[in-house]
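In case you want the letters, here they are:
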Amino acid sequence: MADYAYNLDKLSSTLDAGHLVEVRESPRKGLGLFARETITRGTRIIAEYPLLKAVTVSSHGVNVLAAFHNLPPFKQQAYLGLHEYASDTFKEENDWESLSDLDRRVLAIFAANRWGRDVFWLASQFNHSCIPNIHNAHNPTIQMETFHSIQEIEAGEELTVSYIAGICARDERQAQLKKWGFECKCPVCQDTSDDNKLEQNFAQIAFLSQELKIAGALPSKKTLDAFRRMAGLMRSTGLVGKYLHNCYLDAAFCSAVLGSAQMAMLWTEKEVEVNDYCLGKDHLDCQKEVRVMRQLRSAAKSKRPFHYTHISWVLDWDQGPE
Ligand SMILES: [Zn+2]
């Protein structure tokens, strides 16, 4: 604890609000990050450089071990202080029996804490929730990984991110989490009753998303309606990060293809708001989306015929490391 307190103070900088959080025991989860005081939505809580950076995502073992052995001793020491877990699948992929104890530990720490090919020191303390209150993304302007609050967080509340890909029903979420060796006990997973409204919302969002995928999400009034319903379900579930952003983006694009600059502008305004609190205004994607919003505003006011190709859409939004 003393080490963490020392390092947290040292890590606080003008680039983030690290002083607002502390590392302490989280019931049944080991260590976790907690709010020291109320944190408003959109706060950049952590901006961090990787402690360890593997060269590529494939051939983890070789890359990760080389990256670790090239670190200066104080960074190796910090790395070895992180939580470790390796699933049976991960062990099989990495020829576990042939490795030394140290190399196994290095790889197990990588498996438990990696964001894409990077391991961060402080951000490794985030525990998982299916309804996270933190969003992470790489910010190319400052060349750091940022972690923003996407909800208002009360003093004493735990800060969480989602470890899993996509919005899916409980069984699939728990299956994905086996990689980290735990069963999620977040409020939505803990309520196993049939009238668990939040879980029903998850299932409905997953269903709608699948339907749209099957339909190829070709812009039509029907797909626009599906995006509208998904966005409503996400908001009422508390899923207010990247998936809500993507839903607004799809709805904006769909509206524009259907010929309404006005509707596209309204969806884009919502999208910009989510982007701002997820990424921060200094992120290039936020700046690009503000440009799209301005183009749509002027198109909505103009008397000239509107076509969606008049707009410089941002369709490759940074969703953070895989
Ligand atoms: Zn959960």
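Residues numbered from 1 in each chain as written. Predicted model: local features only at pLDDT ≥ 70, side-chain atom pairs only at ≥ 80, totals over all residues. Heavy atoms only, no water.

Right, let's talk about the side chain of Gln174 for a bit. When you line up the elements, Gln174 lands in helix α6 (residues 170-177). For Gln174, a relative accessible area of 15% gives the class buried. Reaching out from Gln174, the side chain makes a polar contact with the backbone nitrogen of Cys184 at a distance of 2.9 Å. Ignoring any residue separated from it by four or fewer positions in sequence, one finds Gln174 in contact with Glu183, Cys184 and Cys189. (Helix = DSSP H or I, 4+ residues; strand = E, 2+ residues; numbered from the N terminus. Buried < 20%, exposed > 50% of the residue type's maximum accessible area, 1.4 Å probe, protein only. Polar contact = N/O pair within 3.5 Å; in protein donor to acceptor, adjacent residues only side chain to side chain. Contact = heavy atoms within 4.5 Å.)

Looking now at the pairing of strand β3 (residues 44-48). When you tally the buried positions in β3, you get five out of five residues, the bulk of the element. Two elements, β3 and strand β9 (residues 144-149), share four bridges in a ladder whose sense is antiparallel. When the sheet's bridge partners are listed, Ile46 is paired in β9 with Phe147. (Pairing = 2+ DSSP bridges.)

For Asp95, which is not a glycine, the phi torsion comes out positive at approximately 50°. The phi torsion at Gln143 lies on the positive side, around 55°, for a residue other than glycine. By the element assignment, Gln143 lies in the loop between β8 (134-139) and β9.

Before going further, it helps to examine the pairing of strand β2 (residues 30-35). Bridge count for strand β1 (residues 21-26) against β2 is six bridges, and the pairing is antiparallel. Bridging from a neighbouring strand, Glu25 pairs with Leu31 of β2. The turn joining β1 and β2, which pair antiparallel and follow one another in sequence, is formed by three residues; a positive phi near 65° is taken by Arg28.

Only Cys130 (SG), Cys184 (SG), Cys186 (SG) and Cys189 (SG) from the protein reach the zinc ion as donors, at distances of 2.3 Å. Coordination of the zinc ion draws on donor residues from a single chain, spaced C-x53-C-x1-C-x2-C in sequence. When sorted by exposure, Cys186 lands in the same class as Cys189, which is buried. (Donors = N, O, S within 2.8 Å, 3.2 Å for Na, K, Ca; no water.)

With that out of the way, let us pick up the environment of Met230. Inspection of the secondary structure assignment puts Met230 in helix α9 (residues 221-237). The buried category is assigned to Met230, whose relative accessible area is 7%. Excluding anything up to four places from it in sequence, Met230 contacts Ile205, Leu208, Ser209, Leu212 and Cys247.

Let us look at the domain arrangement of the protein. For the protein, the assigned domains read domain 1 (2-49 + 122-161), domain 2 (52-119) and domain 3 (189-310). Relative placement of domain 1 and domain 3: their C-alpha centres are 27 Å apart. Between the two partners, domain 1 and domain 3, sit two salt bridges. A salt bridge links Arg44 to Asp282; the shortest N-O distance between them is 2.8 Å. (Domains from an automatic or database assignment. Salt bridge = Lys/Arg side-chain N within 4 Å of Asp/Glu carboxyl O.)

A few words on helix α11 (residues 261-279). Here α11 is 19 residues long and its end C-alpha atoms lie 25 Å apart, about the 27 Å a rise of 1.5 Å per residue gives. Gly280 sits one or two residues past α11 and shows a positive phi near 95°. (Expected span 1.5 Å × (residues − 1).)

Looking now at the packing of aromatic side chains. Taken as a whole, this structure holds 10 aromatic pairs when the rule is applied. Considering the side-chain rings of Phe68 and Tyr79, the 5.5 Å spacing of their centres and the 50° angle between planes classify their relative orientation as tilted. Of this pair, Phe68 sits in helix α2 (residues 60-69) while Tyr79 sits in helix α3 (residues 73-80), and the two are 11 residues apart along the sequence. The same class applies to Phe68 as to Tyr79, namely buried. (Phe/Tyr/Trp six-rings, centres within 6.5 Å; stacked < 30°, edge-to-face > 60°.)

A few words on the state of the cysteines. In this structure the tally under the stated criterion is zero disulfides. You can see Cys168 has no disulfide; the closest cysteine sulfur is in Cys130, sitting 7.9 Å from it. The buried category is assigned to Cys168, whose relative accessible area is 4%. Cys286 takes part in no disulfide bond, and the closest cysteine sulfur, belonging to Cys278, lies 8.5 Å away. Overall, the relative accessible area of 3% leaves Cys286 in the buried class. (Disulfide = S-S within 2.5 Å.)

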